[in-house]
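Single-letter residue listing:
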Amino acid sequence: QQKEIEKIQAVYQTKEQERIRIAKDLHDDIGATLSSIHLYSELAAKTMENDTGKSKEILSAIENSAQKAMDEMGDIVWAIQSSTDEDKSLSSRIKNYGSSLLALKNISCHYNINPELDKKLVSVEARKNILLIIKEAVNNIAKYSHATDASINLKEREGSVILSVIDNGTGFNTQTVLKGNGLINMQNRCRYLDGAFEIISAQNEGTQIICTIPLTKFSE
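Read on for an overview of the structure. For clarity, every value in this text was computed on a predicted model and none was experimentally measured.

### What to know about the overall build of the protein
Part 1: For the protein, the count of helices and strands is six helices and five strands.
Part 2: Listing each helix as α and each strand as β along the protein from the N terminus yields α-α-α-β-α-α-β-β-α-β-β.
Part 3: Here the protein holds 220 residues, and 39% of them are scored as buried.
Part 4: Put simply, of all contacts in the protein between residues at least 6 apart along the chain, 68% involve residues at least 24 apart.
Part 5: A total of about 13100 Å² of accessible surface is found on the protein, and carbon and sulfur atoms cover 52% of it.

### Focus: the pattern of salt bridges
Part 1: Taken as a whole and assessed by the stated rule, the structure comprises six salt bridges.
Part 2: Residue E156 is joined to K120 by a salt bridge in which the shortest nitrogen-to-oxygen separation is 3.4 Å. One end of the pair, E156, is in strand β2 (residues 149-157); the other, K120, is in helix α4 (residues 115-120), and 36 residues separate them in sequence.
Part 3: Take K120: its relative accessible area is 39%, and that puts it in the partly exposed class.
Part 4: Of the charged contacts, one joins K217 and D194 as a salt bridge, the two residues approaching to 3.5 Å between their closest N and O atoms. With K217 in the segment after β5 (207-214) and D194 in the loop between α6 (183-192) and β4 (196-201), this residue pair connects regions lying 23 residues apart in the sequence.

### Quick notes on helix α5 (residues 124-145)
Part 1: If you check α5, its first and last C-alpha atoms are 30 Å apart, about what 22 residues at 1.5 Å a residue would give, namely 32 Å.
Part 2: The buried fraction of α5 is high, at 19 of 22 residues.
Part 3: With its phi angle positive at about 60°, H146 sits one or two positions after the end of α5.

### A look at the environment of S41
Part 1: Inspection of the secondary structure puts S41 in helix α1 (residues 2-47).
Part 2: On the basis of relative accessibility, which here comes to 33%, the residue S41 falls in the partly exposed class.

### A word on the side chain of S123
Part 1: Residue placement: S123 occurs in the loop between α4 and α5.
Part 2: Take S123: its relative accessible area is 5%, and that puts it in the buried class.
Part 3: Polar side-chain contacts of S123 include one of 3.2 Å to the backbone nitrogen of A126.
Part 4: Ignoring any residue separated from it by four or fewer positions in sequence, one finds S123 in contact with K217, F218, S219 and E220.

The rules behind each value
Residues numbered from 1 in each chain as written. Predicted model: local features only at pLDDT ≥ 70, side-chain atom pairs only at ≥ 80, totals over all residues. Heavy atoms only, no water. Helix = DSSP H or I, 4+ residues; strand = E, 2+ residues; numbered from the N terminus. Buried < 20%, exposed > 50% of the residue type's maximum accessible area, 1.4 Å probe, protein only. Contact = heavy atoms within 4.5 Å. Areas by Shrake-Rupley, 256 points an atom, 1.4 Å probe, with all protein chains shown as cover. Salt bridge = Lys/Arg side-chain N within 4 Å of Asp/Glu carboxyl O. Expected span 1.5 Å × (residues − 1). Polar contact = N/O pair within 3.5 Å; in protein donor to acceptor, adjacent residues only side chain to side chain.

Structure follows, in structure tokens:
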């Protein structure tokens, strides 16, 4: 009976930790975006009569911020849903995102996601961070790579999960590139999952983003 009680307490503690993390995400991500919308709205109201050009710029910023909030909320909702549903799988989520973004740039993308590994991805934190690493990498490919071909790969090897996002674009010098374009965010998200982050790139040789994450983080 004591073991059953301890088991129930452990489950409750895990759920409570997830609740706290979700609340933090909502406060940090969605809250910050909504605050910016509020400030933009006030500024637009002040400039509406005297500077219509400025008002249009602000309204465009409000539109972009609102879309960002919707995307962030969608990612949080997806992360807390069951991965056993086909339409809630990582594969389905990134295909929808990748096809809409990369198709506009005429970039072909191949998705090599181990379906059994996809089903093991049940941790809310792992689901969210892996999704956002991929989205950041895909966004960089669309914006900067000038690639014609890309691939997103998720496989298991010796107790680790290997996530790689690869393109055949122009690449860059990893020693001199500015630590922008979401590279720091991707690195931090990988390290949050106790993973190792690696960038392999060179001028005119494409880019590889590789994250090696303990498989145990998928179910914690």
